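A structural walkthrough
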Amino acid sequence: MRIKIAITGKGGVGKTTLSGTLARLLARDGYEVLAIDADPDMNLASSLGIENPPKPLADFKDLIQERAGAEGGAFIYNPKVDDIAGKYGVIGPDGVRMLVMGTVDKGGSGCMCPASAFLRALLRHLMLKEKSAVILDMEAGIEHLGRGTTRGMDLMIVVVEPGARSLETAERIKKLSSEIGVKHIAAVINKGGAGKVNDRLEELGIPVLGEIPFDQQLMQADLEKRAPIDEGGEAVNAIIKIKEKLMETVEEIRKENEQSKK
Ligand SMILES: Nc1ncnc2c1ncn2[C@@H]1O[C@H](COP(=O)(O)OP(=O)(O)OP(=O)(O)O)[C@@H](O)[C@H]1O
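Residues numbered from 1 in each chain as written. Predicted model: local features only at pLDDT ≥ 70, side-chain atom pairs only at ≥ 80, totals over all residues. Heavy atoms only, no water.

Considering the side chain of K243
Residue placement: K243 occurs in helix 10 (residues 234–261). A distance of 2.5 Å separates the side chain of K243 from the side chain of D29, its partner in a polar contact. What K243 contacts, discounting residues up to four positions off in sequence, is L22, L25, L26 and D29. (Helix = DSSP H or I, 4+ residues; strand = E, 2+ residues; numbered from the N terminus. Polar contact = N/O pair within 3.5 Å; in protein donor to acceptor, adjacent residues only side chain to side chain. Contact = heavy atoms within 4.5 Å.)

Below, the structure is given as structure tokens:
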């Protein structure tokens, strides 16, 4: 199965924890995994257990040139994960390949244009092996969604924590989804207190993949810059279950897509 998912939500809800852990779990299941840090906070590396993250794409001077080719030229024509990760990324524990987008240049235009365009083109043309996964850890909030990087993703997972603002973000993402080219959205509830959140997500028509309890061990892992999966604990166990549900969901989406092609 080929899996392309984007993970989004309000700031600090647990996007990076979920992205990094899912990436490692899928890699352990034998998937070729490409994890992309598109969050300007750039924490995905530690959640994957990578000590030395790669240089951000935004710092590669040749990108601007490649971007020129990206929208139809030769460079980005069917690139392979290995080629891209070899050139711009690193390989971490369990063989997860990783790329970093880069920080927003607040002093300049305030946009990661070349890196963003590169990523958009990359995601559109990337040649994925039969058993492979792309996991995109997105920037917080929704303002960036207009950049179109999520177009072509199978599923967008919105991480929601109990709280009105986090639910509002989920609601706005759901409303925007067709405009940003995402057909399928699902939620993961993080940090406990799922009851009411579950009801609201149901009202919104957002299926819930699972719940991650509040877990002190995650904070410990974070403090010590260890990957949650290497720390273990209740939250990681919950993410293992979420991964199973995710696989079922992606399989359903794939079948649905095949049906609609017929
Ligand atoms: N279930 C949980 N229990 C306890 N702590 C958690 C849980 N989930 C995440 N955290 C902690 O919350 C903090 C934020 O998590 P994380 O970095 O994954 O969120 P994020 O949405 O990616 O944040 P940002 O928007 O800043 O990139 C981290 O310190 C993490 O260890």
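Having put the structure on the table, let's press on.
Overview of the environment of D94
Within the secondary structure, D94 is located in the loop between strand 3 (90–91) and strand 4 (97–100). Along the backbone, D94 and R24 are 70 residues apart, and their C-alpha atoms lie at a distance of 6.3 Å. Not counting the four nearest positions on each side in its chain, D94 is found in contact with R24, A27 and R28. Reaching out from D94, the side chain makes a polar contact with the side chain of R24 at a distance of 2.6 Å.

What about the pairing of strand 4?
Both faces of strand 4 are covered, namely the face carrying R97 and L99 and the face carrying M98 and V100. Where strand 2 (residues 32–37) and strand 4 come together, four bridges link them in parallel fashion. The residue of strand 4 that forms the bridge with A35 is M98. Sheet analysis places strand 3 next to strand 4, joined by two bridges and oriented antiparallel. Across the sheet, residue V90 finds its bridge partner in strand 4, namely M98. Counting the residues that bridge the hairpin from strand 3 to strand 4 gives five residues, and of these D94 lies at a positive phi of roughly 65°. (Buried < 20%, exposed > 50% of the residue type's maximum accessible area, 1.4 Å probe, protein only. Pairing = 2+ DSSP bridges.)

A few points about the site of the ligand
In the neighbourhood of the ligand, 19 residues make up the surrounding shell, with T16, T17, D39, D41 and N190 lying closest. K15 has a polar side-chain atom sitting 2.8 Å from an oxygen atom of the ligand. Here an oxygen atom of the ligand sits 2.9 Å away from a polar atom, N or O, in the side chain of D222. In isolation the ligand offers 630 Å² of accessible surface; the protein chains occlude 87% of this area. One can see that the ligand is located within the largest pocket. If you list the elements that add at least two residues to the shell around the ligand, you get helix 1 (15–28) and helix 8 (216–223). Class assignment of the residues belonging to the shell around the ligand gives a composition of seven nonpolar, six polar and six charged. (Near = heavy atom within 4 Å. Areas by Shrake-Rupley, 256 points an atom, 1.4 Å probe, with all protein chains shown as cover. 1 Å grid on protein atoms, 1.4 Å probe; cavity = no way out; pocket = protein on both sides within 12 Å on 5 of 7 lines; lining within 4 Å. Sits in = over half its atoms within 2 Å of the grid points. Nonpolar A, V, L, I, M, F, W, Y, C, P; charged D, E, K, R; others polar.)

Here's the deal with the packing of helix 1 against helix 10
Contact pair helix 1 / helix 10: the axes reach a minimum separation of 10 Å and the direction vectors enclose 70°. Taken together, helix 1 and helix 10 sit at an angle that is classed as roughly perpendicular. In the crossing of helix 1 with helix 10, the sense of the turn from one axis to the other is right-handed. Counting all contacts with helix 1, which are made through T17, L18, T21, L22, L25 and L26, the residues of helix 10 involved are V236, I239, I240, K243, L246 and M247. (Axes fitted to C-alpha atoms, helices over the stretch in contact; angles between N-to-C directions. Parallel < 35°, antiparallel > 145°, perpendicular 65-115°, else oblique. Left-handed = near helix turned anticlockwise from the far one by under 90°.)

Brief notes about the side chain of K15
By the element assignment, K15 lies in helix 1. The side chain of K15 sits in the buried core without any salt bridge; D39 is the nearest counter-charge, 4.8 Å away. Leave out the neighbours within four places in its chain, and K15 touches I7, T8, G9, K10, D39, D137, M138, E139, A140 and V159. (Lys, Arg positive; Asp, Glu negative; His and termini not counted. Salt bridge = Lys/Arg side-chain N within 4 Å of Asp/Glu carboxyl O.)

Comments concerning the layout of surface pockets
In this structure, the largest pocket encloses a volume near 910 Å³. As for the largest pocket, its lining consists of 40 residues, and the residues nearest its centre are T16, T17, N43, S47 and D222. Here the residues of the lining of the largest pocket sort into 19 nonpolar, 10 polar and 11 charged. Size it by volume and the second largest pocket reaches roughly 440 Å³. Around the second largest pocket sit 18 residues that line it, and R2, D154, R254, N257 and K261 are the ones nearest its centre. (Points joined across faces, edges and corners; volume = space filled by probe spheres on them.)

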